[in-house]
Amino acid sequence: MKKILVVCGNGLGSSFIIEMNVKNVLKELGIEAEVSHTDLATSKTEKADLYLGAKDLVEVLDDGTRNVAKLTNILNLDELRSVLQKHL
């Protein structure tokens, strides 16, 4: 099963909202995945199949070894759906 890690600055507000939206979109698409959220510092030490978050924040995770999806608008479900379909 794929693991998706939703990342934000503090691992509380926006990452939790995105996590809920990711779970809803995955359900719509019929894709099973483990989804959790965390802060940026912790995300650097956690293993995941996909790291997801706001573009300006998760760019620092894109080191060439991680599958990083950068959202321009974290509340746009169409963008989220497109990103998930592309990366999973």
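Calculation rules
Residues numbered from 1 in each chain as written. Predicted model: local features only at pLDDT ≥ 70, side-chain atom pairs only at ≥ 80, totals over all residues. Heavy atoms only, no water. Helix = DSSP H or I, 4+ residues; strand = E, 2+ residues; numbered from the N terminus. UniProt positions renumbered as here; feature names shortened; annotations may be inferred. Salt bridge = Lys/Arg side-chain N within 4 Å of Asp/Glu carboxyl O. Buried < 20%, exposed > 50% of the residue type's maximum accessible area, 1.4 Å probe, protein only.

### Some words on the environment of threonine 72
Part 1 of the argument: Following the sequence through the fold, threonine 72 ends up in the loop between strand 4 (68-71) and helix 4 (77-87).
Part 2 of the argument: Each C-alpha atom, one on threonine 72 and one on isoleucine 18, is 12 Å from the other, the two residues being 54 residues apart in sequence.

### Digging into the UniProt feature "domain: PTS EIIB type-2" (unreviewed entry) in the chain
Part 1 of the argument: The UniProt entry lists residues 2-88 under the feature "domain: PTS EIIB type-2" (unreviewed entry), expressed in the numbering used here.
Part 2 of the argument: Between the C-alpha atoms that bound residues 2-88 the distance is 8 Å, and the span itself is 41% helix and 26% strand.

### Regarding the pattern of salt bridges
Part 1 of the argument: This structure, assessed with the given rule, holds six salt bridges.
Part 2 of the argument: In this structure, arginine 81 engages glutamate 28 in a salt bridge whose closest nitrogen and oxygen atoms are separated by 3.0 Å. Note that arginine 81 is positioned in helix 4 and glutamate 28 in helix 1 (residues 13-29), a separation of 53 residues in sequence.
Part 3 of the argument: Notably, a salt bridge pairs arginine 66 with aspartate 63, separated by 3.2 Å at the nearest N-O pair.
Part 4 of the argument: Relative accessible area serves as the criterion here: at 45%, aspartate 63 is assigned to the partly exposed category.
Part 5 of the argument: A cluster of three or more residues bridged by salt bridges with shared partners is formed by Glu28, Asp78 and Arg81.

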